[in-house]
Amino acid sequence: MATQTSEITIIGGGVVGLSIAIGLLQAGRRVTILDGADGDFRASQGNFGLVWLQGKGADFAPYAEWTRDAVTAWPQFAAMLEEMSNLKLALSQSGGFEFFTDTTEFDQFRASLERQQAHLGNRFSHEIIGPDDLRRMYPGIGSGVVGATFCAADGHVNPLRLLRALRCAVTALGGNLVSDALITSISPSMSGGFDLSLQNGNHLGADRVILCAGLGTSQLAAQLGFETRVRPQRGELLITEKLADRLPFLSSTIRQVDEGGVQIGGTKADAGPDDSETLPIMAQLARHAVTVLPALADVRVVRAWGALRVVSPDGYPVYARSKQHPGAYLVTCHSGVTLASLHATVLAEWIDDTSRAPNLEAFDENRFALSGAA
Ligand SMILES: Cc1cc2nc3c(=O)[nH]c(=O)nc-3n(C[C@H](O)[C@H](O)[C@H](O)COP(=O)(O)OP(=O)(O)OC[C@H]3O[C@@H](n4cnc5c(N)ncnc54)[C@H](O)[C@@H]3O)c2cc1C
């Protein structure tokens, strides 16, 4: 028996759940966010902070479009969030590089940018930069770099401050954010809506439920009639001591955070539910950074960590409404930082099914049934 009922309950208080909450609160909904325990895997606390378009959706036009829209919406979203939270997100969107040390990988990525270009037309531009031109632009680039690509729309943000700002904004808008509220089961209620059971023995009711519990999504998805299952993919990162000098560029694997440290990342491993950092990958990351920018050899690494990405069967976002249980939604994605600007705005229209809702049919989970991938 549920003791309290909310209009919309969001399960998961990471970047995805909090962003969605903001849009719904601004649309006038009463929203409760139930977030799990401190020991949970939390991609939102371990990510790289890119707001990135380059390479996204090369083989899936709707994702290329959606990401393009997200990147475009970021400045306005950041301004809104900064005002509501009184925190600086350190958003910078002055373009980003991909650096290559292997010619085959360089060629493959160039080809994928051509496909992305074909999808986006004049809404996308990119540059291919040969090694000589690159070193003319940045004399400090290492001799092992065989070329780079550049997209002027790429950028980055301080990801931990983003998370804090989202939490502040949700509270400022009147959202009910509950921590240590792990949901163990959900069932449709006899009187309509849903009954939620918490690990601490409490029960809550909700008219509508949005499942965005990161790696906790799979376990609850089946109870709401969803097919989607997500898997962890480990990324490892290093951060250096703070540098007084600014790094002259942003890349998808090397970026300087606004506080001054240089963050190095970009690895991917299927390691199951294990987010520990490993010595061989730490060495690989350091080697990569020094190959791209030899001057970094003199800089001390002060911290390393691993974090688990939340990956759908085909790697693209899922926006699904439960057919079995109307009023239940599932949202999961890999690039939750980049997409936060849309999750906090137009996604509310999709959840409320208004005439202004974006067309997200391509992201429905029925694509897994068709491909047998879920
Ligand atoms: C190494 C790494 C680098 C990344 N780099 C970038 C990047 O540069 N740019 C970018 O856009 N994205 C990046 N990402 C991806 C981005 O971090 C994620 O897409 C985003 O954080 C996912 O947010 P989420 O809210 O879905 O999941 P999470 O942050 O994992 O949050 C899920 C929440 O759900 C809660 N939860 C789980 N189960 C339950 C339950 N049963 N009941 C209640 N609550 C529950 C958990 O406690 C948790 O707080 C990166 C990710 C990683 C790991």
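Here is what the cut-offs are and how they apply
Residues numbered from 1 in each chain as written. Predicted model: local features only at pLDDT ≥ 70, side-chain atom pairs only at ≥ 80, totals over all residues. Helix = DSSP H or I, 4+ residues; strand = E, 2+ residues; numbered from the N terminus. Rg over C-alpha atoms; globule rule 2.2 N^0.38 Å. Buried ≥ 20, exposed ≤ 12 C-beta atoms within 10 Å, placed from the backbone. Contact = placed C-beta atoms within 7 Å. Near = placed C-beta within 6 Å. Nonpolar A, V, L, I, M, F, W, Y, C, P; charged D, E, K, R; others polar. Domains from an automatic or database assignment. Pairing = 2+ DSSP bridges. Expected span 1.5 Å × (residues − 1).

Regarding its fold elements, the chain presents ten helices and 17 strands. In terms of overall size, the chain behaves like a compact globule, its C-alpha atoms giving a radius of gyration of 21 Å where 374 residues would be expected to give roughly 21 Å. Taking the principal axes of its C-alpha atoms as reference, the chain extends roughly 70 × 40 × 40 Å. Evaluated residue by residue, the chain yields a buried proportion of 46% over its 374 residues. In the chain, once contacts between residues fewer than 6 apart in sequence are set aside, the share between residues at least 24 apart is 72%.

Within the structure, the ligand sits among 42 residues, and Gly14, Gly36, Gly214, Gly216 and Gly235 are positioned closest to it. A total of four residues in the shell around the ligand trace back to one element, the largest contributor, which is strand 15 (residues 301–311). Looking at the shell around the ligand residue by residue, the classes come out as 21 nonpolar, 17 polar and four charged. Each of domain 1 (5–49 + 161–229 + 314–371) and domain 2 (94–154 + 231–311) contributes no fewer than three residues to the shell around the ligand.

Next up on the list: the pairing of strand 16 (residues 318–321). Examined bridge by bridge, strand 16 and strand 17 (residues 328–332) share four bridges and lie antiparallel to one another. Bridge pairing in strand 17 places tyrosine 319 opposite valine 331. Between strand 16 and strand 17, which follow one another and run antiparallel, lie six residues, and glycine 327 among them has a positive phi close to 100°.

Once that is clear, we can look at helix 1 (residues 15–26). When the terminal C-alpha atoms of helix 1 are compared, their 17 Å separation across twelve residues agrees well with the 16 Å that a helix rising 1.5 Å per residue should span. In terms of residue burial, helix 1 counts as a mostly covered element, since eleven of its twelve residues are buried. Along helix 1, the residues classified as buried are Val15, Val16, Gly17, Leu18, Ser19, Ile20, Ala21, Ile22, Gly23, Leu24 and Leu25. Directly beyond the C-terminal end of helix 1, a positive phi value near 95° is found at glycine 28.

Structurally, arginine 167 is set in helix 5 (residues 159–172). Overall, arginine 167 belongs to the buried group, with 20 C-beta atoms counted inside 10 Å. Taking the C-alpha atoms as reference, arginine 167 lies 24 Å from glycine 327; in sequence the two are 160 residues apart. Contacts of arginine 167, omitting those with residues within four sequence positions, involve Leu18 and Leu177.

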